[in-house]
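Here is what each chain is made of, one letter per residue.
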Amino acid sequence: MKILIVEDEKDLANILKKGFEEHSFVADISNDGEEGLYMAETYSYDAIILDIMLPGIDGIEILSQLRKKHIDVPVLMLTAKGEVKDRIAGLEKGADDYIPKPFDFQELVARVKSAIRRNTGKPSPLIVISNLVVDTNTHTAQRGGTDIPLSAKEYSILEYLASHKNRVISRTELIEHVYETDFDLDSNVIDVYINFLRNKIDKGFKNKLIHTVRGAGYILKETE
Amino acid sequence: MKLFLKSIKGRLFLWIFIVVSLILITSGVLVYYEVKNVVVSSVDEVLHSDMQIFTGLLHVKRGKVEFEFSDIISGDYTIPLSGHYYKIIINNNVFAASPSLVDNTYDIASGRLESFDQKNKISIYASKGPGNEPIRVMRQDLTMFGIPVTMFAARSMAESFSMLNRLMIFFIFSIPATIIIIGIVSVLIAKRSLSPLDKFSSDISNITHRNLSNRIETLGQSAELQGLSESFNQMLDRLERAFEAEKRIVSDASHELKTPVAVIRSNCDVTLAKERPAGEYIDALQKIRNTSAHMGKIVTDMLLLARLDSGSVAFAEFSPVKLSECANNAVALVNVLAQDRGVEINMSVDEEIWVNGNKEQLTEAFLNMLENAVNYNKANGSVDIHITKAGGKAVLSFADTGSGISKADLSRIFDRFFRSEETRSKAGSGLGLSIAKTIIEAHSGEIKVKSQPGIGSIFTLILPQLPED
């Protein structure tokens, strides 16, 4: 999962990025409003953490611009303004959640995950495909009741595919959602990770779940 | 009732009531007596001419006094109790009397003596006539043909008095009625002309801190109230601005404090989430230390500002302060920082200037100016402090070789928590210039700034100097 953190306080943005990365997220940072808006409009994110008090354009304005352009990415407002009035204003403009500073980091992660789940229409943190279970809370996967050890990147790719199961995901989309934006990467890396995942998930099972769609990408689905 | 008389309405009514009553009653009384005078003196004139006629009718014929008969003494004088009477007494005997008297021995001059004319021996009496009617009687004593003659002429006053009575009755009823009507009208007028005041007061009482942007309607008001409303609205403008500024400061302060708390908290949360190599703990602790130091600076500055705002810079406690001494102290305090950054501080003093003020606070103000000048200077730059006099005032300037301030930011640099894009990343509370400004203004001074981006800024502090004696 890839998130954008728009926060002018660099120390805060950096520690959030570090923390989210340790939760298998990929995070881009923007320290001012205009850049933040540009990034949110240009790249595809699974969620945006948006500070309200920003130099340039403020968070509320960024949010309403995004919603005006029908960019429906989940937005979590992060702000020092804790007044109920401000929180309502944020939610009315289309924010998915409102987190007053200072916050508990684990709670922030949980709320980001929950916002993403709600957005993809999957209220449960467990994604089940046949006998494969992906737990987006603990970042673990099981197949047939057996834990599958996964590296952080492998898990990220699996989670993205599982969150969009039964849909073909291109290599580019996968890269966009599991790597930082300015990460210059050969899309073959994805093929390598897909191979690792196949070995761990499908090996030894009769019904394969990860499929290659020639010329399009990959799909995670049950075979009939 | 007590309340009514305390109100403007009540007082207006009371004054109008008293004044109108006094005027009407006095003029009623004056008119009554004036009319009475006119009536009485016209009767007296008639009696005078009667008397002359009667005198002219007295003759001596063949050694005998005779009262000539004439048309003049016929008519009314012959009708009994007609109110026209005369009587002539010679040698204490009734010589002639009008038949209207009925009984010619009736003493018509038995009443009160009203006036007496010594020279002409004329007296006037207010008396009762034979028909018990009020009469006015003129008596003249004269000597005719060597014989003492006393003549009386009288006229009834019944008609005149009844006219005067009617006048009095008219006044007795009309004056109180007029007073009551004027009283009611004055209350109504007062009520009507003061009714905008009630609206005004309810308008004012409806304004609270929640709707401080509401204003009182000034259009269509009377001139006095319009002035009042306008002044009131101006006061509301000032209040609203102060209130908004206060609100913004609280909101800014909460942002300025909550964000570093969030940084500290998140560093702790993330770092403690799992076992890490020692280096990462050190990094996190460094971040936390720096952030809390920054917070500490903000808290100190905020508390200082709050103290300044609450008026602790008391003019009464001011004493003569030597400007160069404050400046020297400030330089000493900022020296380590300046050496770290390789910034050179020069000071030139044209002449020693004393001002009336608080030494510590002036030093604080200068220190804030100097810290900015050093912090935002270029490496190996300089700060020039210049103390001089201009236009009878003390002038102290800080010129730096820093990055300068953009035009857009220039008007906002004294705002609390304002930090330009360039200075955001650096340490600082965003309150230093606000503190300096508050202190200088409490000393009846002002701060001016000139800046050229890329070249540097000059901050000039102007203070009233202490008169030399």
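Residues numbered from 1 in each chain as written. Chains lettered and ligands numbered in written order. Predicted model: local features only at pLDDT ≥ 70, side-chain atom pairs only at ≥ 80, totals over all residues. Heavy atoms only, no water.

### A word on the pattern of salt bridges
Residue and element names in this part refer to chain A.
Then, in step 1: Under the criterion given, the structure shown has 31 salt bridges over all chains.
Then, in step 2: With a shortest N-O distance of 3.1 Å, Glu-21 and Lys-17 are connected by a salt bridge. A residue pair is termed a helical-turn pair when its members lie 3 or 4 positions apart in one helix, as Glu-21 and Lys-17 do in helix H1 (residues 10–22) at four residues.
Then, in step 3: A relative accessible area of 18% places Lys-17 in the buried class. (Salt bridge = Lys/Arg side-chain N within 4 Å of Asp/Glu carboxyl O. Helix = DSSP H or I, 4+ residues; strand = E, 2+ residues; numbered from the N terminus. Buried < 20%, exposed > 50% of the residue type's maximum accessible area, 1.4 Å probe, protein only.)

### A short note on the sheet that holds strand E5 (residues 97–100) of chain A
All names here are of chain A.
Then, in step 1: Ordered in space as E2-E1-E3-E4-E5, the five strands form an open sheet in which the pairing is parallel. At either margin of the open sheet sits one strand with a lone partner, and together these are strand E2 (26–30) and E5. Adjacent strand axes in the sheet meet at a mean angle of 20°, parallel and antiparallel pairs treated alike.
Then, in step 2: As paired elements, strand E4 (residues 75–79) and E5 share four bridges and run parallel to each other. Bridging from a neighbouring strand, Met-77 pairs with Tyr-98 of E5.
Then, in step 3: Against the sheet, helix H2 (residues 33–42) contacts strand E1 (2–6), E2 and strand E3 (47–51), and its axis sits at roughly 140° relative to E2. (Pairing = 2+ DSSP bridges. Axes fitted to C-alpha atoms, helices over the stretch in contact; angles between N-to-C directions. Contact = heavy atoms within 4.5 Å.)

### Comments concerning the interface of chain A and chain B
Accessible area lost upon the coming together of the parts is a frequently used measure of interface size.
Then, in step 1: Counting from both sides, the interface comprises 22 residues of chain A and, opposite them, 22 residues of chain B.
Then, in step 2: Buried surface at the junction of chain A and chain B, both sides included, amounts to about 1900 Å², of which 59% is carbon and sulfur.
Then, in step 3: Between Arg265(B) and Asp104(A) there is a salt bridge whose closest N-O contact spans 3.1 Å.
Then, in step 4: Applying the counting criterion to the chain A and chain B interface returns five residue pairs in polar contact (both at pLDDT 80 or more).
Then, in step 5: Counting only elements with at least two residues in the side of chain A that touches chain B, the list comes to H1 and helix H5 (105–119) of chain A. (Buried area = accessible area lost by both parts, 1.4 Å probe. Polar contact = N/O pair within 3.5 Å; in protein donor to acceptor, adjacent residues only side chain to side chain.)

### Topic: the packing of H1(A) against helix H4 (residues 223–272) of chain B
Then, in step 1: The geometry of H1(A) relative to H4(B) is characterised by a closest axis approach of 9 Å and an angle of 25° between their N-to-C directions. Between H1(A) and H4(B), the angle is such that the two are roughly parallel. Where H1(A) crosses over H4(B), the handedness of that crossing is left-handed. Contacts between H1(A) and H4(B) involve Asp11(A), Leu12(A), Ile15(A), Leu16(A), Lys18(A), Gly19(A) and Glu22(A) from the first element and Ala262(B), Val263(B), Ser266(B), Asn267(B) and Val270(B) from the second. (Parallel < 35°, antiparallel > 145°, perpendicular 65-115°, else oblique. Left-handed = near helix turned anticlockwise from the far one by under 90°.)

### Quick word on the sheet that holds strand E8 (residues 147–156) of chain B
Residue and element names in this part refer to chain B.
Then, in step 1: With antiparallel pairing, six strands are arranged side by side in an open sheet as E4-E3-E8-E7-E6-E5. The open sheet has two edge strands, strand E4 (93–97) and strand E5 (112–117), and neither has a second partner. Across the sheet, the mean angle separating the axes of adjacent strands is 20° when strand polarity is ignored.
Then, in step 2: Note that E5 and strand E6 (residues 122–128) share five bridges and pair antiparallel. Residue Phe-116 lies in a different strand from E6, and its bridge partner there is Ser-123.

### Focus: the environment of Ser319(B)
All names here are of chain B.
Then, in step 1: Structurally, the position occupied by Ser-319 is in strand E9 (residues 319–322).
Then, in step 2: Taking relative accessible area as the criterion, Ser-319 reaches 36% and is therefore assigned partly exposed.
Then, in step 3: Separated by 86 residues in sequence, Ser-319 and Asn-233 place their C-alpha atoms 39 Å apart.
Then, in step 4: With sequence-adjacent residues up to four places away left out, Ser-319 is seen in contact with Val-355, Asn-356 and Gly-357.

### Digging into the nonpolar core
Then, in step 1: Among the nonpolar cores identified, the biggest contains 51 residues, and Ile3(A), Leu16(A), Phe20(A), Leu108(A), Val112(A), Leu132(A) and Ile157(A) are the most heavily contacted of them.
Then, in step 2: Leave out the neighbours within four places in its chain, and Leu132(A) touches Ile127(A), Ala141(A), Gln142(A), Arg143(A), Ile148(A), Leu158(A), Ile201(A) and Leu209(A).
Then, in step 3: Formed by 48 residues, the second largest nonpolar core is a distinct cluster that contains Leu362(B), Leu396(B), Ile439(B) and Phe459(B). (Core = buried A, V, L, I, M, F, W, Y, C linked by side-chain atoms within 4.5 Å.)

### Examining the packing of H2(A) against helix H3 (residues 59–68) of chain A
Residue and element names in this part refer to chain A.
Then, in step 1: In contact at an axis separation of 10 Å, H2 and H3 are set at 25° when each is read in the N-to-C sense. Judged by the angle between their axes, H2 and H3 are roughly parallel. In terms of crossing hand, the pair formed by H2 and H3 is right-handed. Of the residues in H3, those in contact with Gly-33, Leu-37, Ala-40 and Glu-41 of H2 are Ile-62, Gln-65 and Leu-66.
Then, in step 2: The class makeup of the residues in the contact of H2 with H3 is four nonpolar, two polar and one charged. (Nonpolar A, V, L, I, M, F, W, Y, C, P; charged D, E, K, R; others polar.)

### Digging into the pairing of strand E13 (residues 393–400) of chain B
Residue and element names in this part refer to chain B.
Then, in step 1: E13 sits mainly inside the fold: six of its eight residues count as buried.
Then, in step 2: Inspection of the sheet shows strand E12 (residues 382–390) paired to E13 by eight bridges, in the antiparallel sense. Counted as the bridge partner of Lys-389 is Ala-394 from E13.
Then, in step 3: Summarising the sheet, E13 and strand E15 (residues 456–464) pair through seven bridges and their orientation is antiparallel.

### A word on the domain arrangement of chain A
Residues and elements named next belong to chain A.
Then, in step 1: When cut into domains, chain A gives domain 1 (2–119) and domain 2 (126–220).
Then, in step 2: At the boundary of domain 1 with domain 2, total buried surface from both sides reaches about 1200 Å², with 42% on carbon and sulfur atoms.
Then, in step 3: Interface area lost by domain 1 to domain 2 is led by Lys-2, Ser-24 and Val-26, which between them contribute 40%.
Then, in step 4: Linking domain 1 with domain 2 are one salt bridge.
Then, in step 5: A salt bridge links Lys-17 to Glu-180, with the nearest nitrogen and oxygen atoms 3.1 Å apart.
Then, in step 6: Counting across the interface, domain 1 meets domain 2 through 12 residue pairs in polar contact (both at pLDDT 80 or more).
Then, in step 7: Of all the secondary structure elements, the ones that give two or more residues to the side of domain 1 that touches domain 2 are H1, E2 and H5.
Then, in step 8: Here the element with the most residues in the side of domain 1 that touches domain 2 is E2; it accounts for three residues.
Then, in step 9: Tallied by class, residues from the side of domain 1 that touches domain 2 come to four nonpolar, three polar and seven charged. (Domains from an automatic or database assignment.)

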